Amino acid sequence: MITLWHIAEVLFGVLLFAAWVWCMVDWVRGGCRIPRLVHYCALSCLIVGGIISAVILRTGGFSLGMIFACTLLPPVLVYVLWLWCLGPWASEHNQKK
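Residues numbered from 1 in each chain as written. Predicted model: local features only at pLDDT ≥ 70, side-chain atom pairs only at ≥ 80, totals over all residues. Heavy atoms only, no water.

Asker: Would you explain the confidence of the model for the protein chain in this entry?
Answerer: Any region with low pLDDT has predicted coordinates that should not be read closely. For the protein chain, per-residue confidence averages 77 on the pLDDT scale, and residues scoring 70 or more make up 86% of the total. Looking across the protein chain, the model is least confident in helix α4 (residues 88-96), with a mean pLDDT of 56, and most confident in helix α2 (residues 36-58), with 86. (pLDDT = per-residue confidence, 0-100. Helix = DSSP H or I, 4+ residues; strand = E, 2+ residues; numbered from the N terminus.)

In structure tokens:
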């Protein structure tokens, strides 16, 4: 039962990540431009998270699923926080003033 639960957990995480990527691609194709700085920040978070996760995995600290979460969560949060705080409607709001 634990193995089945673990497979369902991993599958759910992969599906959420795929849905997020699909939404981002659709959003950018729809005309919303994400600033280059946001992409650079997300890539930096991905690289740093990967390095830290590899070091922790090497020392035997986390499981493999936790490593993937620690590596992929920071870049996703960069995009989510940009969308939430400084998204396209913030620039539209500033132009109306």
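The discussion continues.
Asker: Would you mind showing me how to read the nonpolar core here?
Answerer: When a protein is soluble and globular, its nonpolar side chains tend to lie buried together. If you look at the biggest cluster of nonpolar residues, it comprises seven residues: Met24, Ile34, Val38, Ala42, Val78, Tyr79 and Trp82. Among the elements of the structure, α2 and α3 (64-86) are those that each provide at least two residues to this core. The dominant element in this core, judged by the number of residues it contributes, is α3, at three residues. (Core = buried A, V, L, I, M, F, W, Y, C linked by side-chain atoms within 4.5 Å. Buried < 20%, exposed > 50% of the residue type's maximum accessible area, 1.4 Å probe, protein only.)

Asker: So what exactly am I meant to see when it comes to the environment of Trp82 here?
Answerer: Looking at where Trp82 falls in the secondary structure, it is placed in helix α3. On a C-alpha basis, the gap between Trp82 and Pro35 in space is 9.5 Å, while along the polypeptide they are 47 residues apart.

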